[in-house]
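# Reading the structure
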Amino acid sequence: MSFVGRFVRLYSAKPAHAVGPDGRMALGDHLREARARVLRAGTLLIVGLAVALYFRMPLYDLISAPYYQAAERLPEGTTEATTGGAAGGLMLYLKLCGFSSLVVTAPFWLYQVWAFILPGLHATERKWSRIFVAIAGPLFLIGVVLGYVTLPKGLEVLIGLNPPGVTNLVEFNEYLQFFTRTLLVFGLAFEIPVFVVMLNLAGVVSGKQLGAHRPWIVVGIFVFAAVATPSADPFTMTFMAVPMLFLYLISEVIARWNDRRKAARSPNAGLSPDELSTI
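Below is a short write-up of the structure. (Residues numbered from 1 in each chain as written. Predicted model: local features only at pLDDT ≥ 70, side-chain atom pairs only at ≥ 80, totals over all residues. Heavy atoms only, no water.)

## Things to note about the packing of aromatic side chains
Summed over the entire model, instances satisfying the criterion amount to nine aromatic pairs. Summarising the aromatic geometry, the rings of Tyr67 and Phe172 are spaced 5.5 Å apart at their centres and angled 90° between planes, so their arrangement reads as edge-to-face. Linking Tyr67 in helix 3 (residues 56-73) with Phe172 in helix 7 (residues 172-189), this pair joins segments that are 105 residues apart in sequence. The pair Tyr67 / Phe172 is uniform in exposure class, with both members buried. Both rings, one in Phe172 and one in Tyr175, keep their centres 4.8 Å apart while their planes meet at 35°; by these two values the pair is tilted. Pair noted here: Phe172 and Tyr175 are both in helix 7, with a separation of three residues, about one helical turn. Clustering of aromatic rings is evident, with ring pairs tying together Tyr60, Tyr67, Tyr68, Tyr148, Phe172, Tyr175 and Phe179. (Phe/Tyr/Trp six-rings, centres within 6.5 Å; stacked < 30°, edge-to-face > 60°. Helix = DSSP H or I, 4+ residues; strand = E, 2+ residues; numbered from the N terminus. Buried < 20%, exposed > 50% of the residue type's maximum accessible area, 1.4 Å probe, protein only.)

## What about the pattern of salt bridges?
In the structure shown here, the tally under the stated rule is four salt bridges. For Arg37, the salt bridge is made with Glu33, and the minimal N-O distance between the two is 3.0 Å. Pair noted here: Arg37 and Glu33 are both in helix 2 (residues 27-54), with a separation of four residues, about one helical turn. The pair formed by Arg37 and Glu33 is uniform in burial state, with each residue classed as buried. (Salt bridge = Lys/Arg side-chain N within 4 Å of Asp/Glu carboxyl O.)

## A few points about a nonpolar patch on the surface
A surface patch of nonpolar side chains, amounting to about 560 Å² of accessible area, comprises Leu44, Val47, Val51, Tyr54, Phe55 and Phe108. Sorting elements by how many residues they give to the nonpolar patch places helix 2 first, with four residues. Its place among the elements puts Phe55 in the loop between helix 2 and helix 3. (Patch = residues over 30% accessible without salt bridge, like charges linked within 9 Å, V, L, I, M, F, W, Y side chains within 5 Å. Areas by Shrake-Rupley, 256 points an atom, 1.4 Å probe, with all protein chains shown as cover.)

This is the structure we're talking about:
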């Protein structure tokens, strides 16, 4: 049965307002629980926004540092930071603080999402989902930090492409979108090996298949890094591609180990293609 089917069956198995010893609830009670969790997450996001607005200048210094580091390496007058319109500064602070609140409160609202869907999972699915979160979270943060470190070099290359005598005006509302997209791409890139392992655990791909297609996967990783990085310089591309390649090779080793483990547990292990299964 699909996850959605199990989910609906789980929460419509008992009459309204009834909660059994196994933790099952009626669908109406579950919807009320969803509303409560959304309100908790929304309230915390608003509180986080208010706190971020108080610390708006340190946050601005944090996100603008890569731009000013790149500007210092370029000839004077090459680039200039601007905001558009009378409300440009206000919108910049609101977007920056809203994004900061979303990131800082992520552990809480992600927990609310997790607690909402947890009753619809089997015990095995719960175990693997916990492992996934424990590994995927740190990897995503490592990717974000790496993106932040390499962003000044990427900006230097992009701004340096301007023709001589032309000043590059960087509108900071657009720069904030560019900044967040770049860090998000770096963070998601580091999740690819985790998804490879999850596909192997689900039986979609095997370690042998990953090894057979390794040359094409390596090429694909470098192509992805070239497209995803903010600039076309080989330094930034390599900075993303090499860790991704290393993580992919680790995921292939894990997939091969998992295949051997499953083969050893199989009741038909060791049978030749001409022998009958015990099933």
